[in-house]
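# Coordinate inspection notes
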Amino acid sequence: MDWMIDLEFDRRHLWHPYTSMDRPLPVYPVTRANGVRLTLENGTELVDGMASWWSVIHGYNHPRLNAAVTSQLGNMAHVMFGGLTHAPAVELARKLVALTPAPLQKVFLSDSGSVAVEVAIKMTLQYWQNQNEPARHKLLTIRKGYHGDTFAAMAVCDPVTGMHENFSGILQQHYFAEAPRCRFGGSAHADDVENMRSLLEAHGDEIAAVILEPVVQGAGRMYFYSADYLGQVRKLCDEFGVLLIADEIATGFGRSGKLFACEHAGISPDILCLGKALTGGYMTLAATLCTDRVAEGISRNRGVFMHGPTFMANPLACACALASIDLLEDGDWRSRVAAIEAQLSRELAPCRDLDSVEEVRVLGAIGVVEMKAAVDMAKAQAFFVDRGVWIRPFGRLTYIMPPYVIDAADLAALTEAIIAFAAGPASL
Ligand SMILES: *Cc1c(COP(=O)(O)O)cnc(C)c1O
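Not measured: the values here are computed from a predicted model. Residue numbers here run from 1 along each chain, matching the order of that chain's written sequence. The model is predicted, so local features are restricted to residues of pLDDT at least 70 and side-chain atom pairs to those at 80 or more, both for listing and for counting; the totals for chains, interfaces and linings are taken over all residues. Side-chain measures here rest on the full set of heavy atoms in the structure, leaving out hydrogens and waters.

### With respect to the overall build of the chain
Secondary structure elements follow DSSP: runs of H or I of four or more residues count as helices, runs of E of two or more count as strands, with numbering from the N terminus. Tallying secondary structure elements over the chain gives 13 helices and 16 strands in all. In terms of overall dimensions, the chain has a C-alpha envelope of 60 × 55 × 45 Å along the principal axes. Buried means the residue's accessible area, taken with a 1.4 Å probe over protein chains only, is under 20% of the maximum for its type, while exposed means over 50%, and partly exposed covers the values in between. Looking at the chain as a whole, 52% of its 428 residues are labelled buried. Residue contacts follow a heavy-atom distance rule, with two residues in contact if any of their heavy atoms lie within 4.5 Å. Expressed as a percentage of contacts within the chain between residues at least 6 apart in sequence, the contacts between residues at least 24 apart total 71%. In short, Shrake-Rupley with a 1.4 Å probe defines the accessible areas, and a residue's cover is counted only from the protein chains shown. Accessible surface, the chain: about 18,600 Å² in total, of which carbon and sulfur atoms supply 54%.

Following this line, the structure appears as structure tokens:
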């Protein structure tokens, strides 16, 4: 489709994420994407450092994903999931049950990550209602988290860094433990665990579930915390009889170096949320998995789970997700992610010596340079586009999570651009 992109109309009529309509941030017109490259309308090619927000793990325009979607398109693009079922949904559910920790057996397919979180929260509420413990309707989470933009999800985002400060008076009030300070690779700080325990001791009988992003706190902080802490939280949940929701929407499918970040701690949640990379970044699809115990708890006494989106289990998206997971299983994602991790660690290390830089963090295929001061996003984007890379910082964080298929030279282009940015514009 070769029509011109009307930037003026875009500016006047289209919302972009987190922008105003009278002071929109600049946007770059993109016409195609292939492998790890985005092509802008003027022909400029950019090496993609963002994987379209964690999701494009196999690269753009992948022949196997294209084939999966095209072939499913010839059968049916969509059909309602009420009273009907289809092979893409059944086979995807079979795959997800096999891939995730053994206790997770039941799958709810929905449209997007935020909805998967809403579904998870609703599951815990219905679970406790049906156990005759309706008082358990609060959630406990950790500060600096991010779980999505819909209302129940916003209420468990960090009240300050979670982008939803405006709603603090309106949202459901939940309990927040301090963000764990213990770093990945180390053991849990006693204080962090104690803080979580004291909240459970004080409010345990009101708490339905703990919800957190395992090991990697993404959009709220881009921080990697101790797997030991996660293990201790799992134990506390068991001790206080509280459910654990793991939001692996960003970390699922290998990003942190394990297929799922929970594996770093060897734990299994009661409920698991997946999204983003589920379809390899092709289509919007999410999954909420739960244990038999949760499912039985909701379903006993003729209980039914009260959710059913119009596009539930969309066949095109399910077929694409199946192909994406097959690709992951057939390929050597582990060694690719490990190689990206090694290169990021090596090449971003010099940033530590720059005055503008607070800290450099790397885990799996995620590289983060935290600046001392907030970055001007529009200027930063222009700087990176000039250098032929697509990197979009926010706040004090400049970070990349490229497609796993990126080669060493393209990854070096990303890390060199980050160093130049941290040494140049970001230091002014
Ligand atoms: C992106 C994200 C979400 C929300 O997913 P959407 O598809 O944007 O609704 C929820 N939780 C985490 C951890 C995420 O990274």
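Don't stop here, the text continues.
### A short note on the packing of aromatic side chains
Aromatic ring pairs are defined here through the distance separating the ring centres and the angle between the ring planes. Put simply, two rings from Phe, Tyr or Trp (the six-membered ring, in Trp's case) pair if the centres are within 6.5 Å, and we call them stacked under 30 degrees between planes, edge-to-face over 60, tilted for the rest. For the structure shown, the criterion picks out 10 aromatic pairs. Between the aromatic rings of Phe108 and Phe305, the centroid separation amounts to 5.4 Å while the plane-to-plane angle is 85°, which identifies the pairing as edge-to-face. Of this pair, Phe108 sits in strand E4 (residues 104–110) while Phe305 sits in the loop between helix H9 (292–299) and helix H10 (315–330), and the two are 197 residues apart along the sequence. Note on Phe384 and Phe421: the rings are 4.9 Å apart at their centroids and 45° apart in plane angle, and the pair reads as tilted. Here Phe421 lies in helix H13 (residues 408–423) and Phe384 lies in helix H12 (residues 377–386), a separation of 37 residues in the sequence. Across the pair, Phe421 and Phe384 agree in class, each one buried. Put simply, the rings of Phe383, Phe384 and Phe421 pair up and form one aromatic cluster. Its guanidinium or amino end placed over the ring of Trp128, Arg136 lies 4.4 Å from that ring's centre, counting from NZ or CZ. Note on geometry: a ring has a charge over it if NZ (lysine) or CZ (arginine) is within 6 Å of the ring centre and within 35 degrees of the ring normal. In this structure, Arg221 is placed above the aromatic ring of Tyr223, and the distance from its NZ or CZ to the ring centre is 3.7 Å.

### Digging into the site of the ligand
We define proximity as follows: a residue is near a molecule or strand when any one of its heavy atoms falls within 4 Å of that partner. Close to the ligand lie Ser112, Gly113, Ser114, Tyr146, His147, Gly148, Glu213, Asp247, Ile249, Ala250 and Lys276. The side chain of Ser114 places a nitrogen or oxygen atom 2.6 Å from an oxygen atom of the ligand. Contact between the ligand and Lys276: an oxygen atom at 2.6 Å from a side-chain N or O atom of the residue. Protein burial of the ligand: of its 380 Å² of free accessible surface, 83% is covered by the chains. When residues are sorted by character, Ala, Val, Leu, Ile, Met, Phe, Trp, Tyr, Cys and Pro go into the nonpolar class, Asp, Glu, Lys and Arg into the charged class, and all the rest, Gly among them, into the polar class. Of the residues in the shell around the ligand, the class split is three nonpolar, five polar and three charged. The term polar contact refers here to a pair of N or O atoms within 3.5 Å; inside protein, the definition further demands a hydrogen-donor-capable atom paired with an acceptor-capable atom, and it admits residues adjacent in sequence only when both atoms are side-chain atoms.

### Overview of the pairing of strand E1 (residues 30–34)
Consecutive side chains of a regular strand alternate in pointing toward one face of the sheet and then the other. As judged from the four bridges shared by E1 and strand E2 (residues 37–40), these two strands associate in the antiparallel manner. Each bridged residue has a counterpart across the sheet, and for Val30 the counterpart in E2 is Leu40. When DSSP locates at least two bridges between a pair of strands, those strands are taken to pair. Between the end of E1 and the start of E2, which pair antiparallel, lie two residues, with Gly35 showing a positive phi angle near 55°.

### Let's talk about the sheet that holds strand E3 (residues 45–48)
Read from one edge to the other, the open sheet built from four strands follows the order E1-E2-E3-E15, with strand pairing classed as mixed. Two strands bound the open sheet, and with one partner strand each, they are E1 and strand E15 (389–390).

### Some remarks on helix H7 (residues 190–203)
Here H7 spans 20 Å end to end across 14 residues, near enough to the 20 Å set by a 1.5 Å rise per residue. Listed as buried for H7 are Asp192, Val193, Met196, Leu199 and Leu200. For H7, the angular spread of the buried residues around the axis is 125°, confining them to a single face. Relative to its buried face, H7 has exposed residues pointing more than 90 degrees away, namely Ala190, Asp191 and Ala202. Here the buried face of H7 lies against strand E5 (138–142), strand E6 (175–177), strand E7 (207–212) and helix H8 (227–240). Expected helix span is given by 1.5 Å per residue-to-residue step, counting one fewer step than there are residues. Directions from the helix axis toward the C-beta atoms define the arc.

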